[in-house]
Amino acid sequence: MDRAALADFLRRRRELLRPADVGLPPGSRRRTPGLRREEVAALAGVSADYYTRLEQARGPHPSSSVVAAIARALRCGRDERDHLFHLAGLTPPPRRAGRHVPPGLLRLVDHLTEVPVLVLTDLTEVLWQNRLADLLTGPLSPDGGRADNAAWRWFTDPALRELAPPEDRARLSASHVRDLRAVWSRRAGDADVTTLVADLTAASVEFAELWERHEVAERRADHKRFHHPEVGLVEVTCEVLLTPESDLSLLVLFPTEGTDAREKLDLLRVIGTQDLDPSRP
């Protein structure tokens, strides 16, 4: 905990705010700029004495909930909130992008045309994919949601597994579950995570058995093979590139060295105008 820097940051943020910024009347006889200490304390739900000691670099080590409340009271943006947590010697809350794909990420992936590229949530819902990914794994569903969730479809859609060689399926199943267990741990009971796990447990005996093993491993890379009706078996090396919002990832499928995947992906681009719609894993 850097008490001096924390005190300085709190004071400077407080002085930038005006009563109207936080829904307070302007009042009178304000001898200092910005909000009063007791006003920030009231907005954060802490005592004025406690907040004053923090600003005077003599306060106790605040909890995460107190720092979050003070950040809200001071109208901190996400970068300022994270900075406040770091000054207090705490780990900031994880950033969530949700289902929004940042424009900068879309501009980047628009230039990646020689390999299949997908943007997924941390729960493996595919939000966007390029044309070559469409051709390799099938286009996205117009309905979205579970229809485009890789983990859900892997355990509930038998046709999907037909694209993967039988000898690969047990490994891929275990990988899905280990990765989901990592999200479960990181997100600590978020409703969308618990609902997906509960639904998968009810829908798939295989998933339920794997979930009970309590194995965890965040998936940062993988090796996959696809049976494609036009070009045959395509082997790709998957690299997961995280965005600053760790619940979104950019999945790039590179042709595996030593295989003919590069030529087959080139062929897919050539025949890409055809209406190819295989199920996707």
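Note that the structure is predicted; figures quoted are calculated from it, not measured.

The rules we used
- Residues numbered from 1 in each chain as written.
- Predicted model: local features only at pLDDT ≥ 70, side-chain atom pairs only at ≥ 80, totals over all residues.
- Heavy atoms only, no water.
- Helix = DSSP H or I, 4+ residues; strand = E, 2+ residues; numbered from the N terminus.
- Rg over C-alpha atoms; globule rule 2.2 N^0.38 Å.
- Buried < 20%, exposed > 50% of the residue type's maximum accessible area, 1.4 Å probe, protein only.
- Contact = heavy atoms within 4.5 Å.
- Areas by Shrake-Rupley, 256 points an atom, 1.4 Å probe, with all protein chains shown as cover.
- Lys, Arg positive; Asp, Glu negative; His and termini not counted.
- Charge placed at Lys NZ, Arg CZ, Asp CG, Glu CD.
- Phe/Tyr/Trp six-rings, centres within 6.5 Å; stacked < 30°, edge-to-face > 60°.
- Lys NZ or Arg CZ within 6 Å of the ring centre and 35° of its normal.
- Pairing = 2+ DSSP bridges.
- Axes fitted to C-alpha atoms, helices over the stretch in contact; angles between N-to-C directions.
- Core = buried A, V, L, I, M, F, W, Y, C linked by side-chain atoms within 4.5 Å.

What is the right way to look at the overall build of the chain in this model?
Secondary structure assignment for the chain yields 13 helices and 5 strands. At 25 Å, the chain has a C-alpha radius of gyration far larger than the 19 Å of a compact globule built from 281 residues. With the principal axes as the frame, the chain shows a C-alpha extent of 80 × 40 × 35 Å. With 281 residues in all, the chain has 48% of them scored as buried. By sequence separation, contacts in the chain at least 24 residues apart represent 56% of the contacts at least 6 residues apart. With the model as given, the accessible surface of the chain reaches about 14,300 Å², and the carbon-plus-sulfur share is 53%. Of note, the chain has its 40 positive side-chain charges centred 11 Å away from the centre of its 43 negative side-chain charges.

Whenever I open this one, the packing of aromatic side chains confuses me. Can you help?
For any pair of aromatic rings, the description consists of the separation of the ring centres together with the inter-plane angle of the planes. Scanning the entire structure with this criterion turns up 3 aromatic pairs. Ring geometry for Phe155 against Phe207: centres 5.4 Å apart, planes inclined by 80 degrees, an arrangement best described as edge-to-face. Within this pair, whereas Phe155 is found in helix α8 (residues 150-156), its partner Phe207 is found in helix α12 (residues 205-212), the two being separated by 52 residues in sequence. Phe207 shares its class with Phe155; the two are buried. Judged by centre distance (5.7 Å) and plane angle (20 degrees), the rings of Phe207 and Trp211 are stacked. Here Phe207 and its partner Trp211 are both found in helix α12, 4 residues apart, which amounts to about one turn of the helix. The exposure classification of Phe207 matches that of Trp211, with both residues buried. The ring of Trp152 is capped by Arg146, whose NZ or CZ atom sits 4.7 Å from the centre of that ring. Positioned above the aromatic ring of Trp211 is the side chain of Arg181, whose terminal nitrogen or guanidinium carbon lies 3.8 Å from the ring centre.

Got a minute to help me understand the sheet that holds strand β3 (residues 221-228) in this structure?
By way of backbone hydrogen bonds, the strands of a sheet pair with one another, either parallel or antiparallel. Reading across from one edge, β2-β1-β5-β4-β3 is the order of the 5 strands in this open sheet, with antiparallel pairing throughout. The outermost strands of the open sheet, each flanked by one partner alone, are β2 (126-129) and β3. Direction aside, the axes of adjacent strands within the sheet are offset by 30 degrees on average. In this sheet, strand β5 (residues 248-255) lies alongside strand β4 (residues 232-242) in antiparallel orientation, the contact comprising 7 bridges. Residue pairing in the sheet places Leu242 in a bridge with Ser249 of β5. Contacts from helix α13 (residues 261-270) reach β3, β4 and β5 within the one sheet, and its direction differs from that of β4 by about 90 degrees.

What is the right way to read the nonpolar core from this model?
The tendency in soluble globular proteins is for nonpolar side chains to be buried as a group. Core analysis: the biggest nonpolar cluster contains 27 residues, and Leu10, Val46, Tyr51, Ile70, Leu74 and Leu84 have the highest contact counts within it. Elements represented by at least two residues in this core include exactly α1 (3-16), α2 (37-44), α3 (48-55), α4 (64-73) and α5 (78-87). Per-element accounting of this core gives the leading share, 7 residues, to α4. Excluding residues within four positions of it along the chain, Val46 makes contact with Ala41, Tyr51 and Val66. If you look at the next biggest cluster of nonpolar residues, it comprises 19 residues, including Val126, Val236, Cys238 and Leu251.

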